Amino acid sequence: QVQLVESGGGLVQPGGSLRLSCAASGPIASINVMGWYRQAPGKQRELVAVITSGGSANYADSVKGRFTISRDNAKNTVSLQMNSLKPEDTAVYYCNANIRRRFISIANDYWGQGTQVTVSS
C-alpha cells in the first residue's frame, strides 16, 4: 500500500532551523500536490506549504520568508526547510500527498504519521 514516512522533527531553540523530509512509497503511478500541514495542541490542522509536481509552491502567511518547500519527483519526496523558527511553530507536522496508484484512475489524499517540532529555549 501507499505510505508516507516523515523524518526530521525535534527540539530546537527559537531562531534555529530544522529540515523535515517525507518519502512516499508503494504502487505509485503519479503524485500531484505534496505538502505539509501542522496541528498545535488545541488547534485545528492547518496548511503550512504545498507544492505542485511542476514546482509551484504556496505558503501560509505565517511562514512566508522563513520556510521553503521542495520536492524530488524522481524520488517521490518532499522536504520543508524551516528557518528562524518561533515558539508558535511548535506543532505536529504532517506530510500530505495526492497520489494516483497504479491501475487506479482516481487520486486520493494520503497522510504521514506526523513528526513533532518543538521550538523552545
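Only a predicted model underlies this, so the values are computations on that prediction, with no experimental measurement involved.

Student: Any chance you could explain the overall build of the protein chain here in plain terms?
Tutor: A count of helical and extended segments in the protein chain gives zero helices and 11 strands. When the elements of the protein chain are put in sequence order from the N terminus, they spell out β-β-β-β-β-β-β-β-β-β-β. Taken over C-alpha atoms, the radius of gyration comes to 14 Å for the protein chain, in line with the 14 Å a tight globule of 121 residues would show. The C-alpha extent of the protein chain, read off along each of the three principal axes, is 50 × 25 × 25 Å. In the protein chain, which comprises 121 residues, the share counted as buried stands at 39%. Expressed as a percentage of contacts within the protein chain between residues at least 6 apart in sequence, the contacts between residues at least 24 apart total 56%. Positive and negative side-chain charges in the protein chain, numbering 12 and 7 respectively, have mean positions lying 6 Å apart.

Student: Help me understand the packing of aromatic side chains, please; the structure alone is not making it clear to me.
Tutor: Inspection of every chain in the model, using the stated rule, returns one aromatic pair. Between Y37 and W111 the ring centres are 5.1 Å apart and the planes differ by 65°, which places this aromatic pair in the edge-to-face class. In this pair, Y37 sits in strand β4 (residues 28-39) while W111 sits in strand β10 (residues 107-111), placing the two residues 74 residues apart along the sequence. Between R45 and the ring centre of Y94, over which it is positioned, the NZ or CZ distance is 3.7 Å.

Student: Can you help me understand the sheet that holds strand β1 (residues 3-7) in this one?
Tutor: Strand pairing in a sheet takes place through backbone hydrogen bonds and is either antiparallel or parallel in direction. Overall, antiparallel pairing links the four strands, which are arranged β1-β3-β8-β7 in an open sheet. Looking at strand neighbours, the two that pair on one side only are β1 and β7 (67-72), the edges of this open sheet. This sheet shows a mean twist of 15° between the axes of neighbouring strands, independent of strand direction.

Student: Got a minute to help me understand the pairing of β7 in this structure?
Tutor: Here is the key point about a regular strand: its side chains alternate between the two faces of the sheet. Burial along β7 is one-sided: the face carrying F67, I69 and R71 is buried and the face carrying T68, S70 and D72 is not. The pairing of β7 with strand β8 (residues 77-82) spans six bridges and is antiparallel. For F67, the partnering residue across the bridge sits in β8 and is M82.

Cut-offs and rules
- Residues numbered from 1 in each chain as written.
- Predicted model: local features only at pLDDT ≥ 70, side-chain atom pairs only at ≥ 80, totals over all residues.
- Heavy atoms only, no water.
- Helix = DSSP H or I, 4+ residues; strand = E, 2+ residues; numbered from the N terminus.
- Rg over C-alpha atoms; globule rule 2.2 N^0.38 Å.
- Buried < 20%, exposed > 50% of the residue type's maximum accessible area, 1.4 Å probe, protein only.
- Contact = heavy atoms within 4.5 Å.
- Lys, Arg positive; Asp, Glu negative; His and termini not counted.
- Charge placed at Lys NZ, Arg CZ, Asp CG, Glu CD.
- Phe/Tyr/Trp six-rings, centres within 6.5 Å; stacked < 30°, edge-to-face > 60°.
- Lys NZ or Arg CZ within 6 Å of the ring centre and 35° of its normal.
- Pairing = 2+ DSSP bridges.
- Axes fitted to C-alpha atoms, helices over the stretch in contact; angles between N-to-C directions.

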